[in-house]
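Structural overview for review
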Amino acid sequence: TEIQVQQIEAYESKQRKATPEQIELQHNYFDKIHAPKEQKEFSITAKELWLLFKANFDKVNRRPFEKVPGITIENLEPLIYYFSKDPRFFESKNLSKLSEPSSDKGLLIIGTFGNGKTSTMKVFEHIFKGISGITFKGYSANEAVVMFEKCSTDILRDEFEMTMFNGNRYFDDVKTERLASNFGKVNIFKEIFEERYNRMASKSIKTFITCNYKDGFEDDIEAAVDEFGEKYGGRVYDRIFEMYNIITFKGKSFRK
């Protein structure tokens, strides 16, 4: 029948050998779709980031951004320069020389409670959300403890470790968290800091931390750093200087 003839012709057409031109076209096509995608490195100027920061502050923190003369800008400068990879970062007034500055290190931000550390880092987290290589996810120290305490199975424990040990992470208000209680008492941030140090070189991950000064030692940055050794042990203390640029936030509490 005519229909059968059409079916036979269609079948034979599919079985014919491709011409050299068709084969080359197919190879070029598959080479193109399977070729690694070119990853463009994220780039932003310090001015552009500063404008983005001001524009997003109210959205993230539900209150307007306010400048405190001689304080706010000096607090923000090292962060703006750091995230925009501006060489002025290395000359920032609030960048401590306790740790040798490096763009490959994370950030340890130390200041008085309530003077903008958390609200500032939340804005940067929002700005960089989803941007490969620079995006980071933030957790408060006590939030991480509660997450760990809910790990009732090995699978949940593995998921917790995947979350805390990998990728760029921001931990807020460290040194204030209690010991985690999960089949015994666990100093969970001792584990987190040590494991993130072990993975830092091979996976190029960065850790960002905010913390307050040690009680009774306000404005004493060395005492604030020493407290890491007191709370998490000597190994964590020694690695602070390899893992972090140390930055101070000046000023008293802005909370009203």
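I will try to describe carefully the structure that is included in this document. Everything quoted here is computed from the prediction, not taken from an experiment.

Let us now look at the overall build of the protein. Summing up its helical and strand segments, the protein has 10 helices and 7 strands in all. Counting only contacts in the protein whose residues sit at least 6 apart along the sequence, the fraction spanning at least 24 positions is 75%. For the protein, the computed accessible surface area is about 15600 Å², with 52% contributed by carbon and sulfur atoms.

Counting buried positions along strand 6 (residues 207-212) yields 5 of 6 residues, so the element is predominantly enclosed. Relative to strand 6, strand 1 (residues 106-111) runs parallel, the two sharing 5 bridges. Counted as the bridge partner of Ile-110 is Cys-211 from strand 6. With 3 bridges connecting them, strand 3 (residues 169-172) and strand 6 associate as parallel partners. Within strand 6, the position partnered with Tyr-170 by the bridge is Phe-208.

Once that is clear, we can look at the nonpolar core. Within the largest apolar cluster, 33 residues are counted, with the highest numbers of intra-cluster contacts made by Val-174, Phe-189 and Phe-193. Mapped by element, the contributors of at least two residues to this core are strand 1, helix 6 (141-149), helix 7 (154-165), helix 8 (188-203), strand 6, helix 9 (221-232), helix 10 (234-243) and strand 7 (244-249). When neighbours within four sequence positions are excluded, Phe-189 is seen to be in contact with Ala-141, Ala-144, Phe-171, Val-174, Glu-177 and Tyr-232. With 27 residues, the next largest nonpolar core counts Ile-44, Trp-50, Phe-83 and Met-121 among its residues.

What counts and what doesn't
- Residues numbered from 1 in each chain as written.
- Predicted model: local features only at pLDDT ≥ 70, side-chain atom pairs only at ≥ 80, totals over all residues.
- Heavy atoms only, no water.
- Helix = DSSP H or I, 4+ residues; strand = E, 2+ residues; numbered from the N terminus.
- Contact = heavy atoms within 4.5 Å.
- Areas by Shrake-Rupley, 256 points an atom, 1.4 Å probe, with all protein chains shown as cover.
- Buried < 20%, exposed > 50% of the residue type's maximum accessible area, 1.4 Å probe, protein only.
- Pairing = 2+ DSSP bridges.
- Core = buried A, V, L, I, M, F, W, Y, C linked by side-chain atoms within 4.5 Å.

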